[in-house]
Amino acid sequence: MTGGQAHPLPLLGECDSCGAANGVIFHHPDGQQEHYCPRCAQRYALYTAAYDQLEAGIREAVEAWVSIWGTIPGVIDLHEQLRQIGAKVHDEYKAGCFDREGVQPFPRAA
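The structure reproduced in this document is the subject of the present report. Not measured: the values here are computed from a predicted model. (Residues numbered from 1 in each chain as written. Predicted model: local features only at pLDDT ≥ 70, side-chain atom pairs only at ≥ 80, totals over all residues. Heavy atoms only, no water.)

### Section: the overall build of the protein chain
Inference 1: What the protein chain contains, in helices and strands, is 2 helices and 3 strands.
Inference 2: Its helices and strands taken in sequence order, the protein chain reads β-β-β-α-α from the N to the C terminus.
Inference 3: Split into buried and exposed, the 110 residues of the protein chain put 13% on the buried side.
Inference 4: In the protein chain, once contacts between residues fewer than 6 apart in sequence are set aside, the share between residues at least 24 apart is 27%.
Inference 5: Carbon and sulfur atoms make up 61% of the accessible area of the protein chain, which amounts to about 8900 Å² in all. (Helix = DSSP H or I, 4+ residues; strand = E, 2+ residues; numbered from the N terminus. Buried < 20%, exposed > 50% of the residue type's maximum accessible area, 1.4 Å probe, protein only. Contact = heavy atoms within 4.5 Å. Areas by Shrake-Rupley, 256 points an atom, 1.4 Å probe, with all protein chains shown as cover.)

In structure tokens:
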């Protein structure tokens, strides 16, 4: 509020991912707010689920690997390397380096 008047956030706006006009407000867990159209909201949900699943699988493998090889001098920090790779891919996606084709439907069974 400024000067005693409320300024509500617009529920509809331009999608922050693809620019479509039908974006609705999305609240991220970190408190950030963006507008997503239905296709980008679905893509974001699938991306987040895939990332969480991949992270859980890699964490398990890296913990097992580190328990055996992690005490050897000179072994690189795999967690940091993977974090940097993920951040680079995310930055390239946000910069438009990848196709923004949206979520593709599953192929029909024969």
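### Details of the environment of Asp-16
Inference 1: Tracing the backbone shows Asp-16 in the loop between strand S1 (12-13) and strand S2 (23-27).
Inference 2: The exposure class assigned to Asp-16 is partly exposed, which follows from its relative accessible area of 44%.
Inference 3: Residues Asp-16 and Cys-37 lie 21 residues apart in sequence; the distance between their C-alpha atoms is 8.5 Å.

### Quick word on the sheet that holds strand S3 (residues 33-36)
Inference 1: On the basis of which strands lie adjacent, the open sheet formed by 3 strands has the order S1-S2-S3 and antiparallel pairing. With one partner strand each, in any of the chains shown, S1 and S3 form the two edges of the open sheet. (Pairing = 2+ DSSP bridges.)

### Examining the pairing of S3
Inference 1: Bridge count between S2 and S3: 4 bridges; the pairing is antiparallel. When the bridges of S3 are listed, Val-24 appears paired with Tyr-36.
Inference 2: Counting the residues that bridge the hairpin from S2 to S3 gives 5 residues, and of these Gly-31 lies at a positive phi of roughly 95°.

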